[in-house]
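Report on the structure
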Amino acid sequence: MATPVAMPRLGMSMKEGRVVEWPFGLGTHVAKGDIVVIIESEKTEVQIEATQSGVLRHIYVQVDGTVPCGKLLAALTDSADEAFDADAFRTANDLPDDQARTAPRAASQHPAVSPKSDLPRRAVAPAARALARQLGVDVEQVPGSGPGGRVTKEDVEAWGKRAERLVEVSAGVRLEVLRDGQGDPLVLLPGFGTDIASFAPQVRALAATHQVVGIHPRGVGASDAPQAGCYAVATAAADIAALCDAPAHIVGASLGAAVAIELALAHPQKVRSLTLITPFVEASARLLAVVDAWCRIASEASIQTLAMALLPWLFSEHTLSDEAACQRIVRGLVPSLAAVSAPALRRTAAGLRAWSGSRGADLDRISAPTLVIVGAGDLLTANDDAVAKRIAGARNIVVEQSGHALTIEAADRVTQAIADHLRAHSA
Amino acid sequence: MSRELPTAFAIGEALRIALAGDPDVILMGEDVAGGGTRPAGTDEAGGILGATRGLIKEFGPERILDTPISEMALLGAAVGAAATGMRPVVELMFMDFLGVCFDPLLNQAAKFRYMFGGKARLPLTVRTVTGAGMHAAAQHSQSLYWITSGIPGLKTVIPSNAGDAKGLLLSAIRCDDPVIFCEPKQILFLSSEVPEGDYEIPIGKANLVRQGGDVSLVGMGATVNIALQAASQLAQEGIQADVLDLRSLQPLDEEAILTTLGKTGRLIVIDEATPRCGIASDVAALCVDKGFDLLNAPVKRVTAPFSPVPFSRVLEEAYLPTPQKVIDAVHELF
């Protein structure tokens, strides 16, 4: 396993730092607490301790290089000979200005502000605290969806239920699985940065005829969020395959559709039918830019701000012209967006980037009966039959007056289309 | 049978029922019987808002008494009458004049039962017009019910509509303790359903006028309508609001407040009075003190600013709570 060494943020005003010295040579062993790097910021040299022992495997920023806080400086690996891909590690860990990352402790005698002291006290609603006491939940671990990240009673309730929903998919990795209804299994895979609540209208309707299985990928909701590497689309597909005992109907939205495509290609025996909602195979520059902005806003602003910033990208002109609907949507989005932490978003984004373009030539190998649903007003992914025509026999539906967040914006239309598709392929 | 009446007429109806049903009930006030220098009964004004118009002809000058423009004399006489067996209903033209008749209320009416070992009764009702919204300027627009609500021995009630005004006033007149009956300007000429006949609405009980579940809006007097308007707009956004009409400010229905808070976890109190030492602060304190573990968000107060009521129409509109201010406060809670 590899551990990143990043440019720390040693106080509110620090924006960047310069590497002064690497006391250890490449390939040498650094013990936890050793001075791994000396940096200079605001005319002060600061010695940075290694937070973990390891071999100094790769140096990304040489002496005299000046980089922003959070930028990846070096990688430590557990051993000198374990597999290590310097570029992939950079993709997953090169996270400038990552406030969620705890900066290493400064070892020098120079005064340094602990990054933790800059963080405001975490707000917990009294009702949430009371419920946490009653349920025996550690409230400090519960993600908050209230204004300014306040932990609400609903957050504690959801967290309290998570244990019974966790299923191990590979060694040490458990995913949160929400099941509703009886019947043939129907797996729902949410899009980037959202949880299964984005499928709420579909769950309500489809649970009447199917066992709806909502799966939170790595880093979403109560699912485990491994602290190393990116969350690759292929890994997500393997996780789903591990969860499916029998072939299932698979429904994915956006990045969830990417996972569904990957599953249909890598584990075709698990897929009974495929529904791809606003899918992509080559991410557009705009989609990648929105994903980057999403990651940045999530780490620097409130969830409410994030929801408002995403609104114009995810919804059509038609919905945006209805002020009350926008209020309702923002309020609905907030808990869904709060389910994914900023670091998990960045790891997921790295996985999305890495997958983009990798499966374009393989779509014609998909054998499962496929339905594609797109929004005519989608700004982020194709708004026509560009994906459907590359999959043999796929049916394509274009929903008018809808953008990217189809499951919310055209909830009934999407539910109906899925129900029809399931009925046609349930024999 | 019921019909729609303006609140001022519903108040007149309650007075007529009380006068007809109990010979000890008398009315006292400025221009309640005659008006100006004219002989009583010849050209009655019926008080500043006409609520007592016509009563002099039915009940005569022995029971419908015009008084000089001296609130001190008026209240002093009324407290004496109440202590000696009558059941006076006083019209204090505007609550802003509380200052000139405070001693009879604060130190006499409020203390008699207590200081005479529970043996004295003081069945006094003070009807008084409160609040802004009629461009009556700083000295005729205040909501001072927070002062009388803070004095042990006085009860203070405030209706939000015509039907409640009638029932609450009948309860106030028949109560053996002094009751301040507030008449919010903004509802006096609004019509709403008023049941026929004699009925009482209990003092000390709040009324849940709309059922929601996501947020509690607590109002009193004119702000109940504001809460209801905000609630119907919020419903379009998918937020369902409980609306609680306090009706009685002292005693305060703590149980009703804590019940709605327990249901929603989010509470906003709307008060057209100034924010310091007021009913809104009192309700917020109750929620924090006795309802702490129920709170899923901070308690918000939507009140007038800490300032005299402005005369300018534009400024007065900006001064008062509005449905939009309530909606903005609700949005801070989710």
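Computed from a predicted structure; not experimentally measured.

It is worth spelling out the overall build of chain B at this point. What chain B contains, in helices and strands, is 13 helices and 14 strands. For a compact globule of 334 residues, the expected C-alpha radius of gyration is about 20 Å, and chain B comes in at 20 Å, within 12% of that figure. Looking at chain B as a whole, 57% of its 334 residues are labelled buried. Looking at chain B alone, contacts between residues at least 24 apart form 81% of all its contacts between residues at least 6 apart. As presented, chain B carries roughly 13100 Å² of accessible surface, and 56% of it is formed by carbon and sulfur atoms. A gap of 2 Å separates the mean positions of the 27 positive and 39 negative side-chain charges of chain B.

Contact with chain B, which involves 16 residues of that partner, is made by 15 residues of chain A. Summed over the shared surface of chain B and chain A, the result is two salt bridges. Taken together, chain B and chain A are joined by six residue pairs in polar contact (both at pLDDT 80 or more). Among the residues forming the side of chain B that touches chain A, the class breakdown is eight nonpolar, four polar and four charged.

Below, the discussion takes up helix 14 (residues 411–424) of chain A. Taking 1.5 Å of rise per residue, the 14 residues of helix 14 of chain A would be expected to cover 20 Å, and the 20 Å separating its terminal C-alpha atoms lies within 8% of that figure. Within helix 14 of chain A the residues assigned to the buried category are Ala 411, Val 414, Thr 415, Ala 417, Ile 418, Ala 419, His 421 and Leu 422 of chain A.

Turning our eyes to something else, we now look at helix 10 (residues 254–264) of chain B. Residue and element names in this part refer to chain B. Every buried residue belonging to helix 10 is among Ala 256, Ile 257, Leu 258, Thr 260, Leu 261 and Thr 264, and all of these are buried. Taken together, the buried residues of helix 10 touch strand 10 (215–219), strand 11 (241–245), strand 13 (267–271) and helix 11 (279–290). Positive backbone phi, approximately 75 degrees, marks Gly 265, located one or two places after helix 10.

Conventions adopted
Throughout this document, residue positions are counted from 1 along each chain, in the order its sequence is written. All chains are assigned letters beginning with A, and all ligands numbers beginning with 1, in the order in which they are written. Since the coordinates come from a predicted model, pLDDT governs what is reported: local features require at least 70, and pairs of side-chain atoms require 80 or more to be given and counted, while whole-chain, interface and lining totals use all residues. With hydrogens and water excluded, all non-hydrogen atoms of the structure serve as input to the side-chain values. Per the convention used, a helix needs a DSSP run of H or I reaching at least four residues, while a strand needs a run of E reaching at least two, with both numbered from the N terminus. Based on C-alpha atoms, the radius of gyration is set beside the globule rule, defined as 2.2 Å times the residue count to the power 0.38. Three exposure classes are used, based on accessible area relative to the maximum for each residue type with a 1.4 Å probe and protein chains only: buried under 20%, partly exposed in between, and exposed over 50%. Here, two residues are considered to be in contact whenever any of their heavy atoms come within 4.5 Å of each other. All accessible-area figures derive from a Shrake-Rupley calculation using a 1.4 Å probe, and residue coverage is judged against the displayed protein chains alone. His residues and chain termini do not enter the charge count, which takes Lys and Arg as positive and Asp and Glu as negative. Think of each charge as sitting on NZ of Lys, CZ of Arg, CG of Asp or CD of Glu. The term salt bridge refers to a side-chain nitrogen of Lys or Arg lying within 4 Å of a carboxyl oxygen of Asp or Glu. Polar contact criterion, stated in full: a pair of N or O atoms within 3.5 Å, where within protein one must be able to donate a hydrogen and the other to accept it, and residues adjacent in sequence count only if both atoms are side-chain atoms. Three classes are used, and their members are as follows: Ala, Val, Leu, Ile, Met, Phe, Trp, Tyr, Cys and Pro are nonpolar, Asp, Glu, Lys and Arg are charged, and the others, Gly among them, are polar. An expected span of 1.5 Å times one less than the residue number is assigned to each helix.

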